[in-house]
Amino acid sequence: MSITSHRSAEEIGRTERGPRPLPPLGEQRAATGLSHVDTMLSNGLRVIAVKQSAVPMVELRLRIPFADTDLMHAAKAEVLASTFFSGTAKRDRVAIDTDLALVGGELDASVDPERLSIGGNALASGLATLLDVLSDALTSASYADEEVGREKERLVERIAMARSQPSVIARQALQKHRYGDHPATREMPEAEDVAKVSAAEVRALHTGFVLPRGSVLVLVGDVEPEAAVATLESALGGWQADGTATELPELPVVPGGDLLFVPRAGAVQSQFRFSAQAITRTDPRYPALQLANLAFGGFFSSRLVENVREDKGYTYHARSYLEFTPGGATLLIDTDTASEVTANALLEIRYELAKIVLSPPSETEVDTVRQYAIGQLLTATASQSGLASQLIGLASQGLGVEWLVSYPGRLQEVTAEEIAAAARDFFAPVNWTGVIVGDSAQFENVRLLGDVTQ
């Protein structure tokens, strides 16, 4: 009996004539023919119901605009989100958890300056229970004094710890630098403000701000869309209000300008957070901008990553990405480097910004980022959870299933010239501003590179 020895991956990948050629990539096909309904319920809630029967589950996403200029709003909103499912007129916390568990479900709430987000899932056969619990919380969340008190203690401790983290310090500094005192900058409340919030204030906030009109609910799963909409109408019909959910005011345009150096004594790393104005998905140039961003710093083989991580070894992580904001969008670059190479890293980031303007992506780069963008989108929307999350993000810009289905085709049509134009329009170094958070000893070095203030 002969025994075949084990061959390594390297041996398998080579022949006597050299490396085996890689097979061509197969055609990437977008999801088509998604059965869906995009409509408005009688209470003013926009509903997008999509049939995707890969597994016998349903995924739910609810976005409620939740903005206010009150300086205490962030603290009250954080407490509300933490106690949203802690009890209702019919159920206490244990009953909520038990009813959801019986249908393999869960529901959770979170909040930011723009929205109150509710997400969850359940077995498709348990949709009625999932919606009943959601409706119960939307219409009669109790915010009992003891539950609010318990969550406040937890939040105060968590916020105090989070505010000491370099990434949080850098994000807050960037928001303040970009937007001044705009409500969008209040992404995390002060611990002392949370400690002051009363249960009565949380109940009042719910009454005034948890409103169906202006909100969007996405339901994806093993459901018939028309029947799902009827079920939603029946379950959520009691969620009524005269007003409209409050959108965050449009953010000011981010102008290019000096970088702000934020000293952090003794820091062993420097946090870079840079930003420039961008465009939303509704702009015809958006596909070209997305591909230009991928080539610059949007995935592991991008120019920025190859330079500061692979070649120079300044960082483990670097990326550029798009962030969508009320009425607009911005480009961001973030990376963290060792303190002693702060100035070196800044030089390389600026070099790559200038390079993509003067030397735009080649045809090879364009093909790579195009395949990556289409593949990433198809992967992200292949699951019920991913599709639901994509759709709720699109809904905030007034888009829906049709845009998502047609978008891979638009990516296929983008030319290298259009990507080069997007690189010139959006990545020119003069368009950028931002912050560097690091040890004060590094300021003199970065100051010598120009356009850095303290």
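Residues numbered from 1 in each chain as written. Predicted model: local features only at pLDDT ≥ 70, side-chain atom pairs only at ≥ 80, totals over all residues. Heavy atoms only, no water.

1. With respect to the overall build of the chain
Secondary structure assignment for the chain yields 17 helices and 14 strands. What you see for the chain is a C-alpha radius of gyration of 25 Å, in line with the 22 Å of a compact globule of 454 residues. Counting only residues that meet the buried cut, the chain has 50% of its 454 residues in that class. Long-range contacts, defined here as pairs at least 24 residues apart, represent 80% of the contacts in the chain between residues at least 6 apart. Of the roughly 20900 Å² of accessible surface on the chain, 53% is carried by carbon and sulfur atoms. In the chain, 40 positive and 59 negative side-chain charges are present, and the distance between their average locations comes to 2 Å. (Helix = DSSP H or I, 4+ residues; strand = E, 2+ residues; numbered from the N terminus. Rg over C-alpha atoms; globule rule 2.2 N^0.38 Å. Buried < 20%, exposed > 50% of the residue type's maximum accessible area, 1.4 Å probe, protein only. Contact = heavy atoms within 4.5 Å. Areas by Shrake-Rupley, 256 points an atom, 1.4 Å probe, with all protein chains shown as cover. Lys, Arg positive; Asp, Glu negative; His and termini not counted. Charge placed at Lys NZ, Arg CZ, Asp CG, Glu CD.)

2. Points about the sheet that holds strand β13 (residues 433-438)
Ordered in space as β11-β12-β10-β13-β9-β14, the six strands form an open sheet in which the pairing is mixed. Each having just a single partner strand, β11 (318-325) and β14 (452-453) make up the two edges of the open sheet. Alignment of strand β10 (residues 269-277) against strand β12 (residues 328-338), held across nine bridges, turns out to be antiparallel. Residue pairing in the sheet places Phe272 in a bridge with Thr335 of β12. Across the sheet, helix α12 (residues 342-358) touches β9 (259-263), β10, β12, β13 and β14, and the angle it forms with β10 is around 25 degrees. (Pairing = 2+ DSSP bridges. Axes fitted to C-alpha atoms, helices over the stretch in contact; angles between N-to-C directions.)

3. Quick notes on the packing of helix α10 (residues 286-298) against helix α15 (residues 401-413)
Taken N-terminus to C-terminus, the directions of α10 and α15 make an angle of 65 degrees; their axes are 10 Å apart at the nearest point. When the interaxial angle is binned, α10 and α15 end up roughly perpendicular. The two elements α10 and α15 meet at a crossing, and its hand is right-handed. Residue-level contacts link Tyr286, Pro287, Gln290 and Leu291 of α10 to Trp403, Tyr407, Arg410 and Leu411 of α15. Of the residues that constitute the contact of α10 with α15, the class distribution is six nonpolar, one polar and one charged. (Parallel < 35°, antiparallel > 145°, perpendicular 65-115°, else oblique. Left-handed = near helix turned anticlockwise from the far one by under 90°. Nonpolar A, V, L, I, M, F, W, Y, C, P; charged D, E, K, R; others polar.)

4. Some details on a negative patch on the surface
Where like charges cluster on the molecular surface, the negative patch consists of Glu363, Asp367, Glu417 and Glu418. At the level of elements, α13 (363-380) and α16 (416-427) are the ones that each hand at least two residues to the negative patch. Within the secondary structure, Glu418 sits in helix α16. Take Glu418: its relative accessible area is 41%, and that puts it in the partly exposed class. (Patch = residues over 30% accessible without salt bridge, like charges linked within 9 Å, V, L, I, M, F, W, Y side chains within 5 Å. Salt bridge = Lys/Arg side-chain N within 4 Å of Asp/Glu carboxyl O.)

5. Observations concerning the UniProt feature "domain: Peptidase M16 C-terminal" (unreviewed entry) in the chain
As annotated by UniProt and renumbered to match this structure, "domain: Peptidase M16 C-terminal" (unreviewed entry) occupies residues 196-371. Annotated as residues 196-371, this span is 41% helix and 22% strand, and its ends, taken at the C-alpha atoms, are 51 Å apart. (UniProt positions renumbered as here; feature names shortened; annotations may be inferred.)

6. Some points on the side chain of Glu59
By the element assignment, Glu59 lies in strand β5 (residues 57-65). Judged by its relative accessible area of 10%, Glu59 falls in the buried class. A polar contact is formed between the side chain of Glu59 and the side chain of Arg61, at a distance of 2.9 Å. (Polar contact = N/O pair within 3.5 Å; in protein donor to acceptor, adjacent residues only side chain to side chain.)

7. Quick notes on the sheet that holds strand β4 (residues 46-51)
Strand order in the open sheet formed by six strands is β3-β4-β8-β5-β7-β6, with mixed pairing between adjacent strands. In this open sheet, the two edge strands, each paired with only one partner strand, are β3 (36-40) and β6 (106-111). Shown here is a sheet whose adjacent strand axes are inclined to one another by a mean of 10 degrees, direction ignored. With six bridges connecting them, β5 and strand β8 (residues 216-221) associate as antiparallel partners. Residue Arg63 lies in a different strand from β8, and its bridge partner there is Val216. Along the sheet, helix α2 (residues 73-83) contacts β6 and β7 (115-123); its crossing angle with β6, the most-contacted strand, is approximately 175 degrees.

8. A short note on the UniProt feature "domain: Peptidase M16 N-terminal" (unreviewed entry) in the chain
Cross-referencing UniProt, the feature "domain: Peptidase M16 N-terminal" (unreviewed entry) maps to residues 83-186 in the present numbering. Here residues 83-186 is 55% helix and 14% strand, with 20 Å between the C-alpha atoms at its ends.

9. What about the packing of aromatic side chains?
As enumerated under the stated definition, the model contains 10 aromatic pairs in all. Seen in terms of ring centroids, Phe261 and Phe443 are 5.5 Å apart; in terms of plane orientation they differ by 55 degrees. Their pairing is tilted. Of the two residues, Phe261 is situated in strand β9 and Phe443 in helix α17 (residues 443-447); the sequence distance between them amounts to 182 residues. Here Phe261 matches Phe443 in class, with each residue buried. On the basis of an interplanar angle of 15 degrees and a centroid distance of 4.5 Å, the ring pair of Trp403 and Tyr407 is categorised as stacked. (Phe/Tyr/Trp six-rings, centres within 6.5 Å; stacked < 30°, edge-to-face > 60°.)

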